[in-house]
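Single-letter residue listing:
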Amino acid sequence: MMNHFMVLAVLLPLRTCYTTYLQQESTVFPVKYLTISKDLALQRLLVEWDVGKSAHDAELAMSFEIQVRRTDQNTTVWTEFHNVTLDKSGKPLHWIWDSDLPLECMSHSVRIRSKAEASKIWSQWSLWETVLGLDTSNNSEPQIFPNEKIVEEGSDITLCCIGRKGQIIKEFFLSPAVHVFNRTNSQVGILTVKNVARQKVPHITVYCQESCNEEQCYDQAVFFVGKPPDTPNDFSCQTQDMRTVTCTWSQGGDTYLYGRHSPKYTLSEEFSQKTVPCTVSCSEQCSCSWDIGQQRTCNITVTVENPLGKKTATDVFDVTHRIYPAAPFQLWEECTDTEITLYWKHRNKEIELFCQTEVLHPNGKVELHNSSDTHLPYSSITLGGLHPYTEYTARVHCGAAKHFWRWSEWSEPRTIRTKEATPSGKLDIWREITPVLGGWNVTLFWKQAPSFRANGRSISYEVTWEKVEGGSKPESISLSSVYNSTRISIDNHPYIISIMAKNNVNYSLPSVLIIPRATGTEELKEEQVNGTDDGIFISWKPRHLYDSYIIDWCNFPMLQPCDLQWKRFGPNTSSALINSAAFVPGVRYNFRIYGSVANRASLLEKKTGYLRELPPLRDPTVEVELTFNAVTLSWDSYLTNESQPGFIRGYHVYVSPIQEDCSLEGSKKHVLPDDSVLCKYTIENPEEKRYTVKHLLSNTKYKLAVKAYTGGGETPIVNFRYIDTPFNSNMLYLLVLLVIAPALVAAVCRWKMKWVKECCCPVIPSPNKSKVLSFKEFKIGSEKVLKISDCIPDMLAVDNKAEAQKLHPWSQLSPMPTEAKIDGDNSSWLYPNENEERELTPIAIPQTHTWFENFAYSSHLAVEPDPYQIPETVEASKPELSVVLYQPHYYFDIFNEDAASIPRATAGRTTSLRYISQTDVHCLGRRL
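Just so it is clear, the structure is predicted and the values come from calculations on it, not from any experiment.

Observations concerning the pattern of salt bridges
Any two side chains of opposite charge can pair, given that their charged atoms come close.
Turning to step 1, where the next piece is worked out: Tallying each qualifying case throughout the model produces 24 salt bridges.
Turning to step 2, where the next piece is worked out: Residue Asp100 is joined to Arg70 by a salt bridge in which the shortest nitrogen-to-oxygen separation is 2.8 Å. On the criterion of sequence distance, the pair formed by Asp100 in the loop between strand 5 (93-98) and strand 6 (108-116) and Arg70 in strand 3 (residues 61-70) is long-range, its members being 30 residues apart.
Turning to step 3, where the next piece is worked out: For Glu432, the salt bridge is made with Arg592, and the minimal N-O distance between the two is 3.7 Å. Highlighted residues: Glu432 in strand 31 (residues 427-436) and Arg592 in strand 43 (residues 588-597), separated in sequence by 160 residues.
Turning to step 4, where the next piece is worked out: The partly exposed category is assigned to Glu432, whose relative accessible area is 26%.

Structural data, given as structure tokens:
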């Protein structure tokens with residue numbers, strides 16, 4: 001029992017599932033019919049299919065999945081879901097697919113499956129339905145598809161080249177070359193161009209070649225790149241006579257497609273559903289006109305189309321509200337000296353018009369005058385307030401008085417001149433008076449004042465003058481219109497002068513001025529004035545006496561005549577900015593200011609100035625006066641008058657040494673463009689034309705320049721003048737005193753140096769340097785000892801012991817015996833040299849064994865004759881007495897008694913003279 005229930009529990013769910021499956025199976029409606037075709041012109045696949053009649057009867061909402069596949073690809077190239085609700089009509093279903101690849105290139109297949117929206121189960125796929133491409137046909141040569149195509153700029157395009165069976169596509173490319181994606185197989189080549197751009201050439205050519213080289217191995221195709229047309233701009237329609245309607249519009253941008261591919265325009269009327277029978281013409285604008293008959297309301301659509309697209313514009317209007325009248329024609333006029341009546345005709349006689357007349361004045365001013373239409377065959381308007389004998393240009397246009405739409409075109413302009421009248425206003429006159437012998441030459445000038453009008457075709461001038469007093473007969477001259485000045489001569493009496501203008505109608509009012517009696521005039525000083533960018537500013541002191549002021553000047557001061565100009569000002573004016581197209585920088589202009597009362601003018605002030613000052617044209621010519629430490633510069637011939645392009649304000653003097661920068665006392669530094677430094681001196685008085693530069697160095701080369709300066713500055717320093725300062729003679733004298741004189745003294749001293757030295761600073765002899773020591777060396781202790789046998793002295797002088805002890809106190813310590821006193825305490829021995837030819841007899845014989853020692857020399861010896869001296873010897877030595885004071889003393893160590901008595905024998909003895917030291921002493925030419 002339990003098993004039975006378990007079986008039932010398993011079978012019941014299975015039955016339920018099976019029943020549900022059968023119900024769902026009954027709601028699946030597979031595709032019963034499927035066919036495809038291709039539209040090669042539009043490169044589209046046209047798909048048609050259907051499902052069972054039961055689905056139509058049930059009016060089911062169904063979904064269809066459609067897939068497209070190409071024969072060379074195993075994958076699906078397109079999948080799309082198409083939803084539709086069926087109806088009982090049983091009509092088959094349709095679907096269109098636009099191919100990016102030309103359908104000729106290869107075969108395309110389509111399959112479909114379906115599903116009711118209420119069901120979750122899709123039907124089985126239908127079989128693939130295929131439409132064949134040309135890749136399956138037997139071609140006689142390669143073929144490119146599409147063979148001609150219009151491509152929108154910025155879009156993508158895919159092309160293919162189908163080769164013959166058994167051939168391989170070798171090359172497939174574009175000219176001009178562009179970036180492409182290229183792929184080929186054995187027979188079909190595919191070329192894709194992304195974002196196509198318009199090239200400079202009108203078309204792009206595609207070339208295809210198989211692997212062979214025969215003529216039938218090539219093919220080519222052309223395609224064009226352009227734009228779809230723009231929507232027609234400013235599309236509107238209007239009528240001139242309510243019968244013919246004209247529509248106009250702007251073309252828009254260039255599509256770059258021409259000939260049979262250029263944009264085509266068509267017009268249609270929507271109410272009548274008819275194409276408008278008109279021919280479109282386009283230049284600056286497109287227009288099209290046609291007859292509407294009695295129709296009063298229109299709905300016009302213009303369509304512009306080219307292979308890449310089409311655009312439309314629509315205008316709906318009431319014809320009575322779109323009236324655009326024809327331009328007025330056949331204008332004529334009637335006029336007086338101040339009025340013009342203008343007439344015209346128009347073609348829209350049945351339409352009430354509102355017209356407007358434009359009047360152009362000679363000064364460029366434009367006036368508009370409105371007028372209403374009349375029922376006369378013509379229309380007219382009267383223009384007043386005009387000037388006599390003046391040309392005016394007039395033209396007319398009109399618009400609909402009711403439901404104004406727009407003005408008509410202007411009529412042809414008509415130029416009209418009013419008639420002549422008496423000259424209006426007065427001439428502006430002035431004079432220039434030049435004194436001559438016995439009177440004046442008066443040059444008269446006149447010009448047409450702003451308020452003056454000639455009012456006639458031809459004009460002349462009448463000049464009349466007469467004395468103010470005395471009732472003289474007036475004199476007059478007539479001048480043609482080409483003159484604006486004349487000269488008359490008058491005496492010293494006051495005269496009244498008048499000038500009038502005359503045309504064919506009458507004279508103008510006279511302009512009068514009075515020339516006063518000749519009197520002495522005070523010379524006025526000219527004041528300098530400043531120029532600006534707009535002119536030269538003049539101011540003057542106002543005087544309440546005058547009713548006007550006049551300023552005159554010459555536009556060309558250097559010319560004769562100078563083109564005198566003048567300008568009048570009211571009594572409350574005390575300044576003015578004088579400007580003229582003739583004013584140029586660097587030219588001095590002179591202004592005279594007059595006050596006028598009762599036609600009498602008096603000179604009040606003089607001014608002079610420049611529009612803009614310029615640097616002087618020429619540098620001063622400088623004369624130079626030199627001293628050793630200063631230079632005086634003068635330039636007296638330099639002019640400071642009106643020939644200069646500016647007021648000379650002063651001078652700059654520049655100085656510098658050639659080899660170095662300048663730093664003179666009292667100057668300022670001036671740096672040149674080459675960074676060299678000059679000394680700069682400024683002279684602020686233009687009449688001071690002399691300057692002295694001080695503190696210069698003598699015997700030095702300097703460069704200098706003198707520059708005049710104005711309010712416009714000075715010209716750059718280009719040329720220098722070079723000077724050499726002379727040698728300073730005072731320095732020469734000082735040099736003589738400080739250098740040459742001491743040098744001469746030094747030379748003299750050098751020449752007598754030995755004498756000076758011996759007299760002023762005797763040399764203490766150095767015994768060690770004595771030539772006496774140049775003997776065979778024999779020493780006692782550390783001292784050299786001269787043997788008597790080695791030297792024969794000139795003379796021996798033996799002093800007494802007391803004197804020797806006085807000079808040599810240490811001699812008392814000698815172990816030798818002392819000498820014997822001879823003749824008391826003051827005895828001496830004098831031994832002459834053996835070279836002397838006389839025999840000496842000793843006066844006294846000294847004792848033996850006395851030790852004499854040389855102590856350089858004795859300054860204590862008196863220069864006295866020795867009583868023991870031989871008379872001949874003393875006499876011979878008299879010229880040299882003064883030398884004895886410096887003569888050395890010789891001391892001998894006498895070992896035997898014969899030493900003194902026989903001086904000649906002393907040279908041969910074995911005993912020796914002990915000589916301490918001795919040098920050669922030169923005094924008064926004597927050698928010791």
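Focus: the sheet that holds strand 7 (residues 129-131)
Turning to step 1, where the next piece is worked out: Strand order in the open sheet formed by four strands is 4-3-6-7, with antiparallel pairing between adjacent strands. This sheet does not close on itself; its edge strands, each paired only once, are strand 4 (76-85) and strand 7. For this sheet the average axis-to-axis angle between neighbouring strands, irrespective of direction, equals 25°.
Turning to step 2, where the next piece is worked out: Relative to strand 7, strand 6 runs antiparallel, the two sharing three bridges. The residue of strand 7 that forms the bridge with Val110 is Glu129.

Observations regarding unusual backbone geometry
Turning to step 1, where the next piece is worked out: Cis geometry is found at the peptide bond from Phe145 to Pro146, where omega equals -10°.
Turning to step 2, where the next piece is worked out: Locating Pro146 in the fold gives a position in the loop between strand 8 (143-145) and strand 9 (148-152).
Turning to step 3, where the next piece is worked out: Omega for the bond connecting Gln560 with Pro561 falls within 30 degrees of zero, at -5°, which places this linkage in the cis form.
Turning to step 4, where the next piece is worked out: Tracing the backbone through its elements, the reader meets Pro561 in the loop between strand 40 (548-554) and strand 41 (564-569).
Turning to step 5, where the next piece is worked out: Look at Asp234: it is not a glycine, yet its phi comes out positive at around 50°.
Turning to step 6, where the next piece is worked out: With respect to the secondary-structure elements, Asp234 resides in strand 16 (residues 233-239).
Turning to step 7, where the next piece is worked out: Unlike most non-glycine residues, Gln273 shows phi in positive territory, near 55°.

Section: the pairing of strand 27 (residues 366-372)
Turning to step 1, where the next piece is worked out: Strand direction decides the pairing type here: strand 26 (residues 353-360) and strand 27, joined by seven bridges, are antiparallel. Each bridged residue has a counterpart across the sheet, and for Glu358 the counterpart in strand 27 is Leu368.
Turning to step 2, where the next piece is worked out: With antiparallel pairing between neighbouring strands as the criterion, strand 26 and strand 27 make up a hairpin whose turn holds five residues, including Gly364 at a positive phi of roughly 90°.

A look at the packing of aromatic side chains
Turning to step 1, where the next piece is worked out: Scanning all chains against the criterion turns up 25 aromatic pairs.
Turning to step 2, where the next piece is worked out: Centroid distance Trp249 to Tyr265: 5.6 Å. Interplanar angle 50°. Geometry classified as tilted. Separated by 16 residues along the polypeptide, Trp249 in strand 17 (residues 244-250) and Tyr265 in strand 18 (residues 264-269) bring together distant segments of the chain. Neither Trp249 nor Tyr265 differs from the other in exposure class; each is buried.
Turning to step 3, where the next piece is worked out: Ring centres 5.5 Å apart and planes at 45° place the aromatic pair Tyr681 and Tyr691 in the tilted group. Of this pair, Tyr681 sits in strand 49 (residues 677-683) while Tyr691 sits in strand 50 (residues 690-693), and the two are 10 residues apart along the sequence.
Turning to step 4, where the next piece is worked out: The exposure class assigned to Tyr681 is buried, which follows from its relative accessible area of 5%.
Turning to step 5, where the next piece is worked out: Each member of the aromatic cluster is reached from another via a ring pair, and the members are Trp540, Tyr546, Tyr549 and Phe569.
Turning to step 6, where the next piece is worked out: Lying over the aromatic face of Trp122, Lys115 brings its terminal NZ or CZ to 5.5 Å of the ring centre.
Turning to step 7, where the next piece is worked out: Over the aromatic face of Trp566 sits the side chain of Lys447, whose NZ or CZ is 4.5 Å from the ring centroid.

Considerations on the side chain of Thr301
Turning to step 1, where the next piece is worked out: Among the structural elements, Thr301 can be located in strand 22 (residues 297-306).
Turning to step 2, where the next piece is worked out: Taking relative accessible area as the criterion, Thr301 reaches 9% and is therefore assigned buried.
Turning to step 3, where the next piece is worked out: At 3.3 Å, the side chain of Thr301 forms a polar contact with the side chain of Glu270.
Turning to step 4, where the next piece is worked out: Not counting the four nearest positions on each side in its chain, Thr301 is found in contact with Thr266, Leu267, Ser268, Glu270, Thr312, Ala313 and Thr314.

Things to note about the state of the cysteines
Turning to step 1, where the next piece is worked out: All chains considered together, the criterion is met by nine disulfides.
Turning to step 2, where the next piece is worked out: Paired through a disulfide, Cys282 and Cys286 show a sulfur-sulfur distance of 1.9 Å. When the S-S torsion is 110°, as for the bridge of Cys282 with Cys286, the disulfide is right-handed.
Turning to step 3, where the next piece is worked out: There is a disulfide in this structure between Cys662 and Cys679, and the S-S distance comes to 2.0 Å. For the disulfide bridge between Cys662 and Cys679, the dihedral angle about the S-S bond is near -100°, and by the sign convention the bridge is left-handed. With Cys662 in the loop between strand 47 (650-657) and strand 48 (668-671) and Cys679 in strand 49, this residue pair connects regions lying 17 residues apart in the sequence.
Turning to step 4, where the next piece is worked out: On the basis of relative accessible area, Cys679 is assigned to the buried category, the value being 2%.
Turning to step 5, where the next piece is worked out: Sulfur of Cys298: no disulfide; nearest cysteine sulfur belongs to Cys237 and is 7.8 Å away.

Here we look at the sheet that holds strand 51 (residues 701-709)
Turning to step 1, where the next piece is worked out: Spatially, five strands are ordered 48-49-47-51-52 in an open sheet, and the strand pairing comes out antiparallel. Edge positions in the sheet fall to strand 48 and strand 52 (721-724), since each of these pairs with one other strand and no more. On average, each strand axis in the sheet is tilted by 35° relative to the strand beside it, whichever way the strands run.
Turning to step 2, where the next piece is worked out: Inspection of the sheet shows strand 47 paired to strand 51 by eight bridges, in the antiparallel sense. Across the sheet, the residue bridging to Val653 is Val706, located in strand 51.

Thresholds, definitions, all that
Throughout this description, residue numbers start from 1 for each chain and increase along the sequence as written. Local features are withheld for residues below a pLDDT of 70 in this predicted model, meaning they are given only at 70 or higher, and side-chain atom pairs are given and counted only at 80 or more; totals for whole chains, interfaces and linings count all residues. Water and hydrogen atoms were dropped before computing side-chain values, which therefore reflect all heavy atoms in the structure. A carboxyl oxygen of Asp or Glu within 4 Å of a side-chain nitrogen of Lys or Arg is what we treat as a salt bridge. Counting from the N terminus, the helices are DSSP H or I runs at least four residues long and the strands are E runs at least two residues long. For every residue, the accessible area (1.4 Å probe, protein chains only) is compared with the maximum for its type, and the residue is labelled buried under 20%, exposed over 50%, or partly exposed between those bounds. At least two DSSP bridges between two strands are needed for those strands to be called paired. Axes here refer to lines fitted to C-alpha atoms; in helices the fit is confined to the stretch in contact. Angles between the N-to-C directions go from 0 to 180 degrees. For this analysis, a ring pair means two rings from Phe, Tyr or Trp (six-membered ring only for Trp) whose centres lie within 6.5 Å, classed as stacked if their planes differ by under 30 degrees, edge-to-face if by over 60, and tilted for the remaining angles. Sitting over a ring, as applied to charges here, requires NZ of Lys or CZ of Arg to be within 6 Å of the ring centre and within 35 degrees of the ring normal. In the analysis that follows, any N or O atom pair within 3.5 Å is treated as a polar contact, provided that within protein one partner can donate a hydrogen and the other can accept it, and provided that, for residues neighboring in sequence, both atoms belong to side chains. Should any heavy atoms of two residues lie within 4.5 Å, those residues are considered in contact. Note on terminology: pairs of cysteine sulfur atoms within 2.5 Å are recorded as disulfides.

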